[in-house]
Amino acid sequence: MTCPLCATDLDRDTLVVVDEGPDLRGFRCPNGHGRFLPSDLYTAWREGHDSGESTGAPIPTADTVGDVKVPKRCPEDGHIMGRYRVGDPASFWLDRCGTCHGVWFDGGEWEATVESGLLDQLPAIVSDAW
């Protein structure tokens, strides 16, 4: 898998495996562009994890987390990812592949999602109803 934000197709860096928390593994760009969470790894984690509640922490704005407002290709299957807003109009957006359902977190979006207690709500966030 390669980073959807690294410079060119020839120069794209391979994502590296990273442990995101207890029993949760994902992939990150070695250049700090973001992280990718495949749907199967998230689903396995969620099945063995007690759902937490939102911490009530304010959801950061797109400017503070480094939201990159360009179309991205899914690191897993190359399809164009859709964008889903996390909170009110000033908040950041997550990118999700409509085919494999993996989620890309730009810059500090992963930390913002975890700190806001929204990781358990990821399926709802990336739904049309959200």
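Novice: Explanation requested: the pairing of strand β3 (residues 34-37) in the structure shown.
Specialist: Along any regular strand, the residues point their side chains to alternate faces of the sheet. Of the two faces of β3, the one carrying Gly-34 and Phe-36 and the one carrying Arg-35 and Leu-37 are both buried. Direction of pairing for strand β2 (residues 24-28) relative to β3: antiparallel, over a ladder of two bridges. Following the sheet pairing, Arg-28 is matched in β3 by Arg-35. A loop of five residues connects β2 with β3, the two strands running antiparallel in sequence, and Gly-32 in this loop sits at a positive phi of about 80°. Alignment of β3 against strand β6 (residues 103-106), held across four bridges, turns out to be antiparallel. Looking at the pairing, Arg-35 lines up with Phe-105 of β6.

Novice: How do you make sense of unusual backbone geometry when you look at a structure like this?
Specialist: A negative phi holds for most residues other than glycine; trans holds for most peptide bonds. The phi angle at His-101 is positive, at roughly 70°, despite the residue not being glycine. His-101 gets classed as partly exposed once you look at its relative accessible area, which sits at 34%.

Novice: What exactly am I supposed to notice about the nonpolar core here?
Specialist: The nonpolar side chains of a soluble globular protein tend to be buried, and buried together. Leu-37, Phe-92, Leu-94, Phe-105, Leu-119 and Leu-122 are the most contacted members of the largest nonpolar core, which totals 19 residues. Contributing elements (two or more residues each) for this core: α1 (39-47), α2 (62-65), β6, α3 (109-115) and α4 (122-125). Leu-5, Phe-27, Phe-36 and Cys-97 belong to the second largest nonpolar core, which has 12 residues in total.

Novice: It is not clear to me how the sheet that holds strand β4 (residues 81-85) should be interpreted in this structure. Could you clarify?
Specialist: Pairing between sheet strands relies on hydrogen bonds along the backbone, with the strands arranged either parallel or antiparallel. If you walk across this open sheet you meet the six strands as β1-β2-β3-β6-β5-β4, and the pairing is antiparallel. Single-partner strands in this sheet number two, and they are β1 (16-21) and β4. Here the average twist between neighbouring strands, direction ignored, is 35°. Here α1 sits on the sheet in contact with β2 and β3, set at roughly 155° to β2.

Novice: Would you mind showing me how to read the pattern of salt bridges here?
Specialist: Oppositely charged side chains may form a pair once their charged atoms are brought near each other. Summed over the entire model, instances satisfying the criterion amount to seven salt bridges. One salt bridge in this structure joins Asp-19 and Arg-25, with 2.9 Å as the shortest N-O distance. Salt bridges here are not isolated pairs; linked through shared partners, they connect Asp-67, Lys-72, Arg-83, Asp-95 and Asp-106.

Novice: Would you explain the pairing of strand β5 (residues 93-97) in this entry?
Specialist: Counted residue by residue, β5 has four buried out of five residues, so it is predominantly covered. Where β4 and β5 come together, five bridges link them in antiparallel fashion. Within β5, the residue paired with Met-81 across the bridge is Cys-97. Counting the residues that bridge the hairpin from β5 to β6 gives five residues, and of these His-101 lies at a positive phi of roughly 70°.

Novice: So what exactly am I meant to see when it comes to the environment of Val-68 here?
Specialist: For Val-68, the location among the structural elements is in the loop between α2 and β4. By relative accessible area, Val-68 is classed as partly exposed at 27%. Separated by 43 residues in the primary sequence, Val-68 and Glu-111 place their C-alpha atoms 15 Å from one another. In contact with Val-68, other than residues within four places in its own chain, are Leu-5, Arg-83 and Asp-106.

Novice: How do you make sense of the layout of surface pockets when you look at a structure like this?
Specialist: Gaps between atoms show up when a probe of the same size as a water molecule is rolled over them. Considering only enclosed or pocket space, the largest pocket measures out at about 180 Å³ in volume. Secondary structure elements with two or more residues in the lining of the largest pocket: β1 and α3. Residues that form the lining of the largest pocket fall into these classes: seven nonpolar, three polar and two charged.

About the thresholds
- Residues numbered from 1 in each chain as written.
- Predicted model: local features only at pLDDT ≥ 70, side-chain atom pairs only at ≥ 80, totals over all residues.
- Heavy atoms only, no water.
- Buried < 20%, exposed > 50% of the residue type's maximum accessible area, 1.4 Å probe, protein only.
- Helix = DSSP H or I, 4+ residues; strand = E, 2+ residues; numbered from the N terminus.
- Pairing = 2+ DSSP bridges.
- Core = buried A, V, L, I, M, F, W, Y, C linked by side-chain atoms within 4.5 Å.
- Axes fitted to C-alpha atoms, helices over the stretch in contact; angles between N-to-C directions.
- Contact = heavy atoms within 4.5 Å.
- Salt bridge = Lys/Arg side-chain N within 4 Å of Asp/Glu carboxyl O.
- 1 Å grid on protein atoms, 1.4 Å probe; cavity = no way out; pocket = protein on both sides within 12 Å on 5 of 7 lines; lining within 4 Å.
- Points joined across faces, edges and corners; volume = space filled by probe spheres on them.
- Nonpolar A, V, L, I, M, F, W, Y, C, P; charged D, E, K, R; others polar.

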